[in-house]
Protein chains: 2
Amino acid sequence: MEQPHDPVAAEAGAGAVAAGEAYIIRPLDLADLSKGFCELLAQLSPSPPLSEEAFRARFAELAALGADHLVLVAEEAATGRLAAAGAMLVERKFIRRCGLVGHLEDVVVDAAARGRGLGERLVRRLVEHARGRGCYKVILNCTTELKGFYAKCGFEEKNVQMGLYF
Amino acid sequence: MEQPHDPVAAEAGAGAVAAGEAYIIRPLDLADLSKGFCELLAQLSPSPPLSEEAFRARFAELAALGADHLVLVAEEAATGRLAAAGAMLVERKFIRRCGLVGHLEDVVVDAAARGRGLGERLVRRLVEHARGRGCYKVILNCTTELKGFYAKCGFEEKNVQMGLYF
């Protein structure tokens, strides 16, 4: 016999799912400018607030790269605010039979949301994207202090990162 | 009085220029597959020979990125063979007011052409491209042994590079 539809039970069910998933990890979307995206990035690197126009323009440029660029964010279900973000850029090379390399960039977790495994979940999702895209490796640069976090995510120390600032 | 044209002198002049520039640095082109491009890359990383079709397809994908991707090569004037190569990938970010970062990748100098400053010339040309494109920095990853070379090119050690291989 078919169960009669019970809107209260259905709502409770949806609530239970939301409670189980305190954070929803999903691709960046255009509404995220008003959900604290720049404030979150500012915890990583200087990121003054972007105008709607500047955000939309960069969003469109990155969307044009298709699967070669993915920004994931973690939205806190209870508040609708962003608690983490990270990006994967796929580089097309000639070496290794025109191999692909994933560059993990700009990973940040809101200070109030740290210590709950959210960063690792986000990093693993981005790594899975690179694997699915056919990359032979993913690389990242980090400070010495973050080596332990990335080791937990499956990374090994490989080389030295050097920089030249204009 | 106008000088009479002297083809011998003109040729000697052209020869003098060629002698001064033993290597011509220029963007990669489609003819470079037959000028030793894959053999050169194989000195950096496993790079089995590419078919004409695979090379052209990747070349077209990278060309579609416009100024966001540049491969420079150094061609030996005397032989027409490639003696060095390197690439600059421009990453579009949201941080730093939608800042741009140049990634210096796959720099290689033929073993027989090392020790003549060719690598540094090539790197500086790629860095100038990134500067002209508006990047706020250029970053690269290298082994400890190459830190001195890149320091000579203007880079400073910044962070740790970590990798995850599939």
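Numbering of residues starts from 1 in every chain and runs along the sequence as written. For naming, the first written chain is A and the first written ligand is 1, with later ones following in the order written. Only residues with pLDDT of at least 70 get local features here, since the model is predicted, and only at 80 or more are side-chain atom pairs given and counted; chain-wide, interface and lining totals rely on the full set of residues. Computation of side-chain values covers all heavy atoms of the structure but excludes hydrogens and water.

**Examining helix α5 (residues 118-133) of chain B**
Residue and element names in this part refer to chain B.
Part 1: Counting from the N terminus, the helices are DSSP H or I runs at least four residues long and the strands are E runs at least two residues long. Multiplying one less than the number of residues by 1.5 Å gives the expected span of a helix. Over its 16 residues, α5 runs 23 Å from end to end, which matches the ideal 22 Å to within 8%, given 1.5 Å per residue.
Part 2: Only protein chains enter the accessibility calculation, which uses a 1.4 Å probe; a residue whose area is less than 20% of its type maximum is buried, one above 50% is exposed, and one in between is partly exposed. The set of residues buried in α5 consists of Leu 118, Gly 119, Leu 122, Val 123, Leu 126, Val 127 and Ala 130.
Part 3: Backbone geometry just downstream of α5 places Gly 134 in the positive-phi region, at approximately 100 degrees.

**Some remarks on the sheet that holds strand β6 (residues 156-165) of chain B**
Part 1: Strand order in the open sheet formed by 12 strands is β1(A)-β2(A)-β3(A)-β4(A)-β5(A)-β6(B)-β6(A)-β5(B)-β4(B)-β3(B)-β2(B)-β1(B), with mixed pairing between adjacent strands. Each edge of the open sheet is held by one strand with a lone partner, namely β1 (23-27) of chain A together with β1 (23-27) of chain B. With direction set aside, neighbouring strand axes in the sheet form an average angle of 25 degrees.
Part 2: Two residues form a contact once any of their heavy atoms are found within 4.5 Å. Angles shown run from 0 to 180 degrees and are taken between the N-to-C directions of axes, each axis being a line fitted to C-alpha atoms and, for helices, limited to the stretch in contact. Contacts between helix α5 (residues 118-133) of chain A and the sheet are confined to β1, β2 (69-76), β3 (82-92), β4 (100-109) and β5 (137-142) of chain A together with β6 of chain B, with β3(A) contributing the most and set at about 25 degrees to the helix. We call two strands paired when DSSP finds no fewer than two bridges between them.

**Focus on the pattern of salt bridges**
Residues and elements named next belong to chain B.
Part 1: In the sections that follow, a salt bridge refers to a side-chain nitrogen of Lys or Arg positioned within 4 Å of a carboxyl oxygen of Asp or Glu. Under the counting rule described, the total for this entry stands at 32 salt bridges over all chains.
Part 2: Arg 26 is paired through a salt bridge with Asp 29; the nearest N and O atoms lie 3.6 Å apart.
Part 3: Residue class for Asp 29 comes out partly exposed when judged on its relative accessible area of 29%.
Part 4: A salt bridge links Arg 26 to Glu 75, with the shortest nitrogen-to-oxygen separation between them at 2.6 Å. Note that Arg 26 is positioned in strand β1 and Glu 75 in strand β2 (residues 69-76), a separation of 49 residues in sequence.
Part 5: When its relative accessible area of 15% is taken as the criterion, Arg 26 is described as buried.

**Comments concerning the UniProt feature "domain: N-acetyltransferase" (unreviewed entry) in chain A**
Part 1: UniProt positions are given in the numbering used here, feature names are shortened, and annotations may be inferred rather than shown by experiment. Those residues carrying the UniProt feature "domain: N-acetyltransferase" (unreviewed entry) are residues 23-166 of chain A in this numbering.
Part 2: Note that residues 23-166 of chain A is 30% helix and 35% strand, and that its end C-alpha atoms are spaced 38 Å apart.

**Quick look at the interface of chain A and chain B**
Part 1: Counting from both sides, the interface comprises 62 residues of chain A and, opposite them, 62 residues of chain B.
Part 2: Summing both sides of the interface, chain A and chain B together bury roughly 5,800 Å²; the carbon and sulfur share of this comes to 62%.
Part 3: Two parts lose some accessible area (1.4 Å probe) when they are put together, and adding that loss for both gives the buried area. Area buried by chain A at its contact with chain B is led by Phe94(A), Met162(A) and Phe166(A), which between them contribute 17% of it.
Part 4: Residue Glu105(B) is joined to Lys93(A) by a salt bridge in which the shortest nitrogen-to-oxygen separation is 3.0 Å.
Part 5: The element contributing the most residues to the side of chain A that touches chain B is strand β6 (residues 156-165) of chain A, with 10 residues.
Part 6: When residues are sorted by character, Ala, Val, Leu, Ile, Met, Phe, Trp, Tyr, Cys and Pro go into the nonpolar class, Asp, Glu, Lys and Arg into the charged class, and all the rest, Gly among them, into the polar class. Partitioning the side of chain A that touches chain B into residue classes produces 35 nonpolar, 12 polar and 15 charged.

**A short note on the packing of aromatic side chains**
Two aromatic rings are characterised by how far apart their centres lie and by the angle between their planes.
Part 1: Pairing of aromatic side chains here covers Phe, Tyr and the six-membered ring of Trp, requires ring centres within 6.5 Å, and sorts the geometry by plane angle: under 30 degrees stacked, over 60 edge-to-face, intermediate tilted. What the rule picks out here adds up to 12 aromatic pairs over all chains.
Part 2: Both rings, one in Tyr150(B) and one in Phe155(B), keep their centres 6.0 Å apart while their planes meet at 80 degrees; by these two values the pair is edge-to-face.
Part 3: Overall, Tyr150(B) belongs to the buried group, its relative accessible area being 6%.
Part 4: On the basis of relative accessibility, which here comes to 3%, the residue Phe155(B) falls in the buried class.
Part 5: Through pairs of rings, three or more aromatic residues link up here, namely Phe37(A), Phe55(A), Phe59(A) and Phe94(B).

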